[in-house]
Amino acid sequence: MPNFSMRDSENRHRSIYLLPNAFTTAALFAGFYAVVQAMNDRFEVAAIAIFVAMVLDGMDGRVARLTNTQSAFGEQYDSLSDMTSFGVAPALVMYEWILNDLGRWGWLAAFVYVAGAALRLARFNTNIAVVDKRYFQGLPSPAAAALVAGFVWLAVDNKLPIHDSLMAWVAFTLTMYAGITMVSNAPFFSGKSFALGRSVPFWGILLVVAVFVFVSSDPPVVLFGLFVLYGLSGWVMWGWRWNKARRLQQERRNHSS
């Protein structure tokens, strides 16, 4: 007698669902649009498009879980979309904007970022079943893209107190930092413990409204500031864990002696 539950699960795993993949396609389009706008020297629009891609990317997985439409195709498609929107697009936008002024150092920094994003996504896909789901291993590629795009947006909007002669090297340092941090072992909070289907108290809705108001007050400054803090939080957590492990090891030595 055939096992219909196993067959249904296997068919679901192989299926292609419209709704979550539509969000993934929209995120892919936003990343491609960012590259096109950078080639046309419209860097502010390009940076905003990357943030739009980040919002859409955050929705596709949650929509798939809410509607019970997860599939192997969706997982692979999402990774390829992320590589375009958060790997290639930010690197090309930053290179077209200012890194090309540094010659080979500029394109090397852009390549380090692209390679870091590719390695980050490959490691995530292979380790997804064995790592702590509360934390990402290394800076997630959307957050790295937000660091790069936020910097471009701030600079184009003339809100960075950096001399023009230093701007390219600051961009170089930030791009290298984002690329290297993506392949680090620093733990970054994933936010996957928040379930959209779970009821929340009234103050939770007020908090969401406050966040929207806060971001809309000055989007480039607020978004870049938030992602700078997030981009440093993993190293703070890593240092705290290392210090805690060192203290425990010292206490064991003291007890054994």
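For the structure itself, consult the block above.
Just so we're clear, the structure is a prediction, and the values are computed from it rather than from any experiment.

Student: Outline a nonpolar patch on the surface, listing residues and values.
Tutor: Residues Trp 105, Trp 107, Leu 108, Phe 111 and Trp 169 make up a contiguous nonpolar surface patch of roughly 560 Å² in combined accessible area. Element by element, the count of residues in the nonpolar patch is highest for helix α5 (residues 104-127), at four residues. With respect to the helices, strands and loops of the structure, Leu 108 is situated in helix α5. In this structure Leu 108 comes out as partly exposed when scored by relative accessible area, which is 33%.

Student: If you had to explain the environment of Asn 21 to someone new, which residues and values would you point to?
Tutor: Summarising the element assignment, Asn 21 is placed in helix α2 (residues 18-39). Given the relative accessible area of 8%, Asn 21 is considered buried. As a C-alpha pair, Asn 21 and Glu 75 span 54 residues in sequence and 9.5 Å in three-dimensional space.

Student: Lay out the side chain of Ser 190 in plain terms, naming residues and giving numbers.
Tutor: Counting through the fold element by element, Ser 190 comes out in the loop between β2 (187-189) and α8 (202-217). Residues contacting Ser 190, with those up to four places away along its chain left out, are Lys 133, Arg 134, Tyr 135 and Phe 136.

Conventions adopted
Residues numbered from 1 in each chain as written. Predicted model: local features only at pLDDT ≥ 70, side-chain atom pairs only at ≥ 80, totals over all residues. Heavy atoms only, no water. Patch = residues over 30% accessible without salt bridge, like charges linked within 9 Å, V, L, I, M, F, W, Y side chains within 5 Å. Areas by Shrake-Rupley, 256 points an atom, 1.4 Å probe, with all protein chains shown as cover. Salt bridge = Lys/Arg side-chain N within 4 Å of Asp/Glu carboxyl O. Helix = DSSP H or I, 4+ residues; strand = E, 2+ residues; numbered from the N terminus. Buried < 20%, exposed > 50% of the residue type's maximum accessible area, 1.4 Å probe, protein only. Contact = heavy atoms within 4.5 Å.

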